[in-house]
Amino acid sequence: FLGICVGMQLLAVRGLEHGTHKGLGWLDGEVQAITPDEKSLKVPHMGWNNLIPRRSHFLLNGINLGEVGLHAYFVHSYQFIPGAAQDIIAVCDYGGPIVAMVGKDNIAGTQFHPEKSQKLGLALIANFLGGSRDIISAIDLKGGQCVRLIHGDMEQATVFNDNPGAQALEFQ
């Protein structure tokens, strides 16, 4: 199982975003608001960060990590605080360490978005799929057309193909 962003947060026992909410409880811990040590840093945390590995994991095999490594794309206001340190696979620095990736047994989660993280994300997803590089991108649709969204906003969409069926066939 691979949970991405909110999918990772759902692995926790509970979340504290807009109230207290029960999570899946697959990993011990809770989701709390980000409170960077550096007051000049804004929340939500949006942008590119290096991953600092805390332990090895097959999803990170062959990926250049650390200060001079590849970057992952984050956009979030809440963070997973694991109850067990051994569940932390990687962190990033945003005014202090923020858990970027967790895992236990056959369960893993990323706070960052692999699908938006270019080389790092493609490699991670390929590792998840068992080495396959055949990755199909998500297609956003609006009014029967394939569009690219700006910051997830349907009002700021640009059309890149008028035929969703034809676009899907290009991925084969």
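Above this text is the structure in question.
First things first, this report covers the structure right here in the doc. In this text the structure is predicted, and so the values were computed from the model without any measurement. (Residues numbered from 1 in each chain as written. Predicted model: local features only at pLDDT ≥ 70, side-chain atom pairs only at ≥ 80, totals over all residues. Heavy atoms only, no water.)

1. A closer look at unusual backbone geometry
P44 follows V43 through a cis peptide bond whose omega is 15°. By secondary structure assignment, the location of P44 is in the loop between β4 (29-33) and β5 (45-50). In this structure, D105 takes a positive phi of about 55° despite not being glycine. Tracing the chain through its elements places D105 in the loop between β10 (97-104) and β11 (107-110). (Helix = DSSP H or I, 4+ residues; strand = E, 2+ residues; numbered from the N terminus.)

2. Examining a nonpolar patch on the surface
Taken together, the side chains of F1, V6, L10, L24 and W26 present a nonpolar region at the surface, about 490 Å² in accessible area. You can see V6 is positioned in helix α1 (residues 6-9). (Patch = residues over 30% accessible without salt bridge, like charges linked within 9 Å, V, L, I, M, F, W, Y side chains within 5 Å. Areas by Shrake-Rupley, 256 points an atom, 1.4 Å probe, with all protein chains shown as cover. Salt bridge = Lys/Arg side-chain N within 4 Å of Asp/Glu carboxyl O.)

3. Thoughts on the sheet that holds strand β2 (residues 14-15)
Reading across from one edge, β3-β2-β4-β8 is the order of the four strands in this open sheet, with mixed pairing throughout. Each end of this open sheet is capped by a strand with a single partner; those strands are β3 (21-22) and β8 (78-82). As judged from the two bridges shared by β2 and β3, these two strands associate in the antiparallel manner. The residue bridging G15 from the neighbouring strand is H21, located in β3. (Pairing = 2+ DSSP bridges.)

4. Some points on the packing of aromatic side chains
Summed over the entire model, instances satisfying the criterion amount to three aromatic pairs. Relative to W26, the ring of F1 lies with its centre 5.1 Å away and its plane at 85°, an arrangement referred to as edge-to-face. One end of the pair, F1, is in the segment before β1 (2-4); the other, W26, is in the loop between β3 and β4, with 25 residues separating them in the sequence. On the basis of relative accessibility, which here comes to 43%, the residue F1 falls in the partly exposed class. (Phe/Tyr/Trp six-rings, centres within 6.5 Å; stacked < 30°, edge-to-face > 60°. Buried < 20%, exposed > 50% of the residue type's maximum accessible area, 1.4 Å probe, protein only.)

5. Observations concerning the pattern of salt bridges
Pairs can form between side chains of opposite charge whenever their charged atoms are close. All told, the structure shown has one salt bridge when counted by the stated rule. The partner of E30 in a salt bridge is R14, with the nearest N and O atoms 2.6 Å apart. Here E30 is found in strand β4, whereas its partner R14 is found in strand β2, with 16 residues between them in sequence.

6. Thoughts on helix α2 (residues 118-128)
The set of residues buried in α2 consists of L120, G121, A123, L124, I125, A126 and N127. For α2, the secondary structure elements touched by its buried residues are β1, β7 (71-76), β10 and β11. After α2 finishes, the residue G130 shows a positive phi value of roughly 85°. (Contact = heavy atoms within 4.5 Å.)

7. Some details on the sheet that holds β10
Across the sheet, which stays open at both edges, the five strands sit in the order β1-β11-β10-β9-β6 with mixed pairing between neighbours. In this open sheet, the two edge strands, each paired with only one partner strand, are β1 and β6 (52-53). Judged from the three bridges that link them, β1 and β11 form a sheet pairing that is parallel. Paired with L2 across the two strands is A108, which belongs to β11.

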